[in-house]
Every structure is written in structure tokens, then in C-alpha cells.
Amino acid sequence: MATTTWVIDPTHSEVQFKVKHLVISTVTGAFKTFEGSVETETEDFEGATVQFSADINSIDTNQAQRDEHLKSADFFDAASHPKLTIKGTLAKKGDESYTLKGDLTVKNVTKPVEFAVEYGGNMTDFYGNNKSGFEISGKINRKEFGLEWSAVTEAGGVVVGDDVKLIANIQVVKQ
């Protein structure tokens, strides 16, 4: 069977992360620049290979000073490691659910990850483009990927949590 390639439509996709701040609230951020593809030999994406990369310099938490700190050597070190990447495979779990198993690379640290994937369906847009949608979610421990910076308040509270939730709503277009 022929391989079909789908590429991310960035204007209809978003990649976000959430992390606890001071243990009492959550800060949400996003990567504004990213790209990726899905290659499949089946109509239902079973066994599809996924490639994704996000530009670290596109990080946006709606607060410029925090964004610059995240790009610094304390966290992502964007100057030396400009991309975050995922390479993996989709495995079907149910009618609309998949698991994305693969390797996440951050700061030259590569670890296996597993994310839940919900298939949103397939549709042809006004221009005749065949599109499919997915919502991907999961959690990683930032320290396992070399994002070690930490601080404690005078009262003993942790400034940044270790667990980072990842949420991506991705629309891909058939090539």
C-alpha cells in the first residue's frame, strides 16, 4: 500500500504546556512556531509515524521576562538547543483513541514518552484540502530532560513544579 503524508497546518493547530507555579496555580505557555508530519499506510492512522519539532525561541507564556528565562541556559538553552522534537508511532486503542509512543528530545536529552491521542475526525475544507484533527495530551517530568532550574520561596514553596502537562490540538492536511 502507498504511504500517505500529512503535514501540520499551523494556522489551525496549537501546542501548549502547563506547569505549576508556587504549587498554587498553573502557568500556561505555548510554542508559536512548530512543524511536523504524519506518514501512514492505512486510512485510520494505525501504525502511522509521527515527526514533530517546536522552535524554542517561539515560546510564549504571555510574560516576556519569563519567556526569556525559559529560553536561557537555566531551562531550554535555546541558543544551543533551538528545537524540541518528537519522533514516534501511533497505535490504535479504540475507535477514536490512539497512543503516541516515541522519543522526545529536549536539550540533547532523548527519553521515551507516551501520549494519549484523540482522533477528531476527517473533513474536506472549502478549498478541497483533506484534513484530520487530533488532540494530544500527556505529562513529562521536566528535570528528566535537563530543565533543572529550581528555586524555593522564603516560606519553603517550590517556584516551578517538576511535572509539565503537554496539550496539542493538531490539524493535519493530506499532501
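The model shown is predicted, which means the values in this text are computed figures rather than measured ones. (Residues numbered from 1 in each chain as written. Predicted model: local features only at pLDDT ≥ 70, side-chain atom pairs only at ≥ 80, totals over all residues. Heavy atoms only, no water.)

(A) Molecular detail of the packing of aromatic side chains. Counted by the stated rule, this structure contains eight aromatic pairs. A centroid spacing of 5.6 Å and a plane angle of 50° characterise the contact between phenylalanine 17 and phenylalanine 31, whose relative ring orientation is tilted. Residue phenylalanine 17 is located in strand β2 (residues 14-21), and its partner phenylalanine 31 is located in strand β3 (residues 25-31); the two are separated by 14 residues in the primary sequence. Classification of phenylalanine 17 as buried rests on a relative accessible area of 9%. A centroid spacing of 6.0 Å and a plane angle of 35° characterise the contact between phenylalanine 34 and phenylalanine 52, whose relative ring orientation is tilted. Of this pair, phenylalanine 34 sits in strand β4 (residues 34-40) while phenylalanine 52 is found in strand β5 (residues 49-55), placing the two residues 18 residues apart along the sequence. When sorted by exposure, phenylalanine 34 lands in the same class as phenylalanine 52, which is buried. (Phe/Tyr/Trp six-rings, centres within 6.5 Å; stacked < 30°, edge-to-face > 60°. Helix = DSSP H or I, 4+ residues; strand = E, 2+ residues; numbered from the N terminus. Buried < 20%, exposed > 50% of the residue type's maximum accessible area, 1.4 Å probe, protein only.)

(B) Structural context of the pattern of salt bridges. In the structure shown here, the tally under the stated rule is five salt bridges. Glutamate 114 is the partner of lysine 101 in a salt bridge, and the nearest nitrogen-oxygen pair spans 4.0 Å. One end of the pair, lysine 101, is in strand β8 (residues 97-106); the other, glutamate 114, is in strand β9 (residues 109-124), and 13 residues separate them in sequence. Across the pair aspartate 125 and lysine 131 runs a salt bridge whose closest N-O atoms are separated by 3.6 Å. Residue class for aspartate 125 comes out partly exposed when judged on its relative accessible area of 22%. The exposure class of lysine 131 is buried, given its relative accessible area of 12%. When salt bridges with common partners are traced through the structure, they connect Asp9, Asp125 and Lys131 into a single cluster. (Salt bridge = Lys/Arg side-chain N within 4 Å of Asp/Glu carboxyl O.)

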